[in-house]
Structures are given as structure tokens and as C-alpha cells.
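Fold and geometry: a report
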There are 2 protein chains.
Amino acid sequence: MSRKCFGVDIGGTTVKLGCFEADGKLVDKWEIPTRKENGGENILPDVVKAIEAKLEELSVSKGELIGIGIGVPGPVFEDGTVNACVNLGWGVFNVGDKVREIIGLPELDVKIGNDANVAALGEMFKGSGEGFKNLVMVTLGTGVGGGVILDGKILTGTTGGAGEIGHMPVGIDEEEACSCGKKGCLEQYASATGIVKVAKRILASCDTETPLRAMGGFSAKDVVDLAKENDKVAVSVMETLGEYLGKALASIACIVNPKAFVIGGGVSKAGQYLIDVIEKHFKEHAFGPCSDVKFVIASLGNDAGIYGASALVLS
Amino acid sequence: MSRKCFGVDIGGTTVKLGCFEADGKLVDKWEIPTRKENGGENILPDVVKAIEAKLEELSVSKGELIGIGIGVPGPVFEDGTVNACVNLGWGVFNVGDKVREIIGLPELDVKIGNDANVAALGEMFKGSGEGFKNLVMVTLGTGVGGGVILDGKILTGTTGGAGEIGHMPVGIDEEEACSCGKKGCLEQYASATGIVKVAKRILASCDTETPLRAMGGFSAKDVVDLAKENDKVAVSVMETLGEYLGKALASIACIVNPKAFVIGGGVSKAGQYLIDVIEKHFKEHAFGPCSDVKFVIASLGNDAGIYGASALVLS
């Protein structure tokens, strides 16, 4: 058998694993539950057991293991030390060292990255960001996450906080607090949660007719679907998102001057309609010399994490 | 004699030159005029002549030349190609290749950088940013410039536009256009020009007494001086600057997560007062995990360019 690499994406509920060839081709992918009890002490042993079982299944010896890349939900320093992954119950320790110890291979190449950053790397490696060495990924899900890739590598930052674009302060006179405690963060307007909140605000401030009023509760998807049908209120919600996000991306363009923005997360299922709204506002605000940026929808979905984790080792 | 390196900072009026030891110690510095006529064709030959004369004066042979670093006023690609330096009359060409050709040393290490980026590198190398490998320099002068240093190196970006923080879109319903053509750029509020403009707006919108009203024309320095004396209007101008700039730096902190902000340019002569105003607003908006950033005033003044240019070669 040829040598293998594993890409692991540790989430709060499940751990996604992928087995890859040396050229980054996916051989197999599967999931195991994330056992968070007792400070998440079982998570890494479970990951190692899963990898060892897969190696045996494929008749690959441990010596033929190229390495293991792991994405974790929290800030990660350059050396693989996590700085408290609250969702996993983890404190501060070096994940790479721990994995090498459990698997019993002191020299194994084990690389760790923040999950949002690793997803960005995945999109660059095998997704819609392929070919772009400088890109910024924006994940519009329950919150807003991000990852900055410069010259093909994840930008970690001083304390592992680079790419936290959901917390760029963009709001004006915002009165509600974000989950982080500050007021006016980008994710208060551009996440799925933000879309619903902005829609409710607009509904409360006008009498415009819209099917949203008859719905007991509605989702971000309902708003996007109605906006595509030209519903005035829904369009206004999406324009608000476009203005905040377009302006934030114009700021990012001035700072790191990327070649592409890759838009992912649940909200990105809105596709070209979403790209058009964001790009319109981006063009309005972006500084000329930094404004030649491609906008693309992420293509790997939930697999971006395992692809990116493998790329930590393979690229 | 020991080997020497030259740091050159090409401005629209003068070219500043510095001769450095291999360890970055400044041996001598001087200036020559920038001859911009005929598409600036004399500028690089003048620079080379000045360097050759200095080598002769110091009895250093060309073979003992370590290299030449050059900062230019415009976007620069990674390979040393300038993309039109309008202030010099230059089009698109590779500055490093040209210098090697003129000096007749095809293998000489010649490195080119954008002047604002190079100044940032200078502050990291020998100024108040010393010891910080991840820093963002903000130059508050006639306009607002910037430079991003990551892991000790200048971030250039895809088209040489990284660090153009003066054009981050921060204004709300701004009606005047920035020099770049967009509306609401950071430099419309946080530059010396912006300070005067904001002051005039505030004066026109209120009746508050202030010595500014009696002055025929006033400068940014007048405003800063009065703010330090607690003049209400002047304080309000500086609070406006602090809010726009603090918020913009909080966004930058989310994106690249630097360890320090180095504040330079004419406005930075306001010193600790300025730092206090900016930092107060920064803390109000910055995302917790990215908020542990030092604020320092630049210390190299007009010499940041030659130090940074030498660092392009020496660091």
C-alpha cells in the first residue's frame, strides 16, 4: 500500500476523519462521536484508535503514515498549543505532542490548526479557492468565522486570533451585545442568526406586507428564498447584510490584499444571489488598487475541515 | 573596511540614503534631490552615483557591498516590480533589475518595498517596534498610510496593496470624496488634513467657544495642542479621530492579530495623549482574544525609511 495521511476535524458533536493519499486524494472519510466528558480526555485517544483501525483495515503500517493534521474549535498557537477549546472541555496543552505520545511515534508529523482557518486552507487546497495563494474565507453560519491564507499558508496571528472576522466592529449605535460581549460585531448582521434578527427589526419598524409576517418563526433560509423572489422586506435584510459584509471585506482587502474571497457556511447555499449582493457593496467601498478580488462560493461543505487538516501536513 | 549595506528611501522631493554596517548600525546618512523630469529616468542613476561616491569615500570596494534596499512611493510586487509610482513619473518596471544593470553587479542583492511598508519594517528593525515580529504601523500624516509586518516580514499582498489602511471604509453617510474617489475612508478623519476638516465641521455645527474660531486658518497641531488643554471642541475632534481609528484598528486586530501598533507620522507628535485616545476606543471595540496589543509611538521619524530599506537586505 502507498503512504497515507489523515485529516481530522474535531467538532463539538462529532469528529470527522479523512484518509488521504500523498497527493491529497481522499481515500475514505467517516465520523466518530466527540466524547467531551472529563475535560475531553478521550477525544484524542479516540482519534488515534480510529486512525489505527483504518490503517489496519487498509493494511498500512504505522511507519507508512505521512502525518496527521487536526483542526480544533479554538485558538491555536504556531507550535500546536491550544489555548482552551471551551467546546471540547480542553485547557491549555500541546495537541501535537499529545497525539505523538498516544500513537507512540515521537517523530510523527502532527500539525494543528484552528477549524475555521483549516477550512480556509482546505478550500485553497482542493475546493473553490484552488489556485489562489492569497485568500480569505468567510463562513456565514450560526456565527461568522473566517480564515486568512497568505502565500498558501494559514495566518495564525500572535495569539491564534487571526481571521476572527466575525468580530470586526461594524455596527453603528448597536444596543444588543454579541456573544463575545462587544456590540456591533459583523456576525450580529451577517450570520444566519443575524439575518433573522435584522429581519425582525425591519418587520417591527415598517408595515410593508411580506409572507414573513404570517410565519410563526422563520429561518435565514426563508429570508433568502423570499429575497430571491424579490420580497421587499427580505431584499432589504439581504441589502443590510451586503452593506455590512461588503464594507468589512473592503477593509480586509486594504489590509491583506487577497486574490479571492471564498464564502462558505449555511448561508452560502444562497449561491450567486449572495455573491452578487456582497460584491455590489464591496465594489462600492473597496480601494481601487485592492479591489480586483474574486468572489466564490465554497465547494467542499463539511469536508473542508478534513481536506484542510490533511493540507496542514501535505502542502 | 567592513562590508556595507545601503538603505534608500525615494520620496517625491528628496531621496534619503543611509549607509549601514552588516549589523544594521547606521554609518552615515544624507539626501539628494529627486529628479522627476523625463519620467524620473535620472532617479536610479543618481542613487547609484551617490552610493558609488560613498563607497569610494569610505574606501569600500563594490565587491564589499552587501546589498541595496529601496523604498518607493507606490505599490511594489514581491519580485521588485513597481506598478506605476505616479509621484516619480515611473511606469511599470523591475527596479531591482534596473539598479543591478546601472551599478554593473548582476548578482547584487537589491530589494524593493513600498515606502510605508518599509518604514514599518524599519520601526521593527531599529525603532519602537523592535522585538515585535507581528506589528502594524499606522502613519498619520497628510494622509494615512500603513504597513503590516508578519513574522518579521512585510506583507505585500496580491497586488502590492496590503497595509493601505488609510482607505478602509469607516465613514457613515460621508458626502465628501477621498483623494481615492471613494467616500468615508479612514484618512478622511484620522490624517492631519482630516483633523482640520472634522474640526471645521464641528465648528459649523455648534456655538461652543474655542480659540479655534479666532484663528484664521488652523492646523492639526493647533487642534491637538488645544485638546491637551481640554478645549471642548478640540477634544471632540480628537475623540472622533479616536473612535474611527480605534474601531479600524480593532478590525485589523481581528484580521491579522498583531502584537503591536506603531503610530507614526506628523500627528504622532501628539505622543501619549494620542495613544490614550486611540487605545481607549480600541479597547471598547476590540474582540477579547485579539485585544492584547501594545500601542507605541514610532521613534525613527524620517529615518524609518532608510532603516527599513536596509532591513530588506539585512534581516
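Rules behind the numbers
- Residues numbered from 1 in each chain as written.
- Chains lettered and ligands numbered in written order.
- Predicted model: local features only at pLDDT ≥ 70, side-chain atom pairs only at ≥ 80, totals over all residues.
- Helix = DSSP H or I, 4+ residues; strand = E, 2+ residues; numbered from the N terminus.
- Rg over C-alpha atoms; globule rule 2.2 N^0.38 Å.
- Buried ≥ 20, exposed ≤ 12 C-beta atoms within 10 Å, placed from the backbone.
- Contact = placed C-beta atoms within 7 Å.
- Least-squares fit on C-alpha atoms with pLDDT ≥ 70 in both.
- Expected span 1.5 Å × (residues − 1).
- Pairing = 2+ DSSP bridges.
- Right-handed = clockwise from strand over helix to strand, strands pointing away.
- Axes fitted to C-alpha atoms, helices over the stretch in contact; angles between N-to-C directions.
- Domains from an automatic or database assignment.
- Nonpolar A, V, L, I, M, F, W, Y, C, P; charged D, E, K, R; others polar.

Before going further, it helps to examine the overall build of chain A. Scanning chain A from terminus to terminus reveals ten helices and twelve strands. Taken over the C-alpha trace, chain A has a radius of gyration of 21 Å; the compact-globule value for 315 residues is 20 Å, and the two agree within 12%. Dimensions along the principal axes, computed over C-alpha positions, put chain A at roughly 65 × 45 × 35 Å. By residue count, 54% of the 315 residues in chain A fall in the buried class. In chain A, the share of contacts with a sequence separation of at least 24, taken over all contacts with a separation of at least 6, comes to 62%.

Even without being glycine, A:Asp151 reaches a positive phi, approximately 50°. Here A:Asp151 is to be found in the loop between β9 (144-150) and β10 (153-154). By C-beta crowding, A:Asp151 is classed as exposed, having 12 other C-beta atoms within 10 Å. The phi torsion at B:Asn257 lies on the positive side, around 50°, for a residue other than glycine. By the element assignment, B:Asn257 lies in the loop between α8 (232-256) and β11 (260-264). On the neighbour-count criterion, B:Asn257 (27 C-beta atoms within 10 Å) is buried.

With that settled, consider the relation of the copies chain A and chain B. The two copies are related by a screw motion: chain A maps onto chain B through a turn of 180° and a shift of 0.0 Å along the axis, at an RMSD of 0.0 Å. The two molecules are tied by a two-fold rotation axis, judged by turn and shift. When the interface residues of chain A are mapped onto chain B, 100% of them again lie at the interface, so the same face is used by both copies.

We now examine helix α4 (residues 115-126) of chain A. All names here are of chain A. In a regular helix each residue adds 1.5 Å, so twelve residues correspond to 16 Å; α4 covers 16 Å between its end C-alpha atoms and thus fits that length. For α4, the buried fraction is high: twelve of the twelve residues fall into the buried class. Of all the residues in α4, the buried ones are Asp 115, Ala 116, Asn 117, Val 118, Ala 119, Ala 120, Leu 121, Gly 122, Glu 123, Met 124, Phe 125 and Lys 126.

This part takes up the pairing of strand β12 (residues 294-297) of chain A. Residues and elements named next belong to chain A. When strand β11 (residues 260-264) meets β12, the two strands line up parallel, connected through four bridges. Bridge assignment links Ile 263 to a residue of β12, and that residue is Ile 297. For the crossover that starts at β11, traverses helix α9 (residues 272-285) and ends in the parallel β12, the hand is right-handed.

All names here are of chain B. Read across the sheet, five strands follow the order β10-β9-β8-β11-β12 without closing on themselves; strand pairing throughout is mixed. The strands lining the two open edges of the sheet, one partner per strand, are β10 (153-154) and β12 (294-297). Its contacts with the sheet place helix α9 (residues 272-285) against β11 and β12, and it is angled at close to 155° to β12.

All names here are of chain A. Assigned domains of chain A: these are domain 1 (4-121 + 303-314) and domain 2 (131-299). Taken together, the contact between domain 1 and domain 2 spans 13 residues of the former and 16 residues of the latter. If you tally residues by element for the side of domain 1 that touches domain 2, the top one is α4, at five residues. For the side of domain 1 that touches domain 2, the class distribution of residues is eight nonpolar, four polar and one charged.

Bringing the interface of chain A and chain B into the picture now. A common way to express how large an interface is: the accessible area buried when the components associate. Each partner contributes residues to the interface: chain A has 35 residues there, and chain B has 35 residues. Elements with a contribution of two residues or more to the side of chain A that touches chain B: β9 and α8 (232-256) of chain A. At seven residues, the largest contribution of residues to the side of chain A that touches chain B is made by α8(A).

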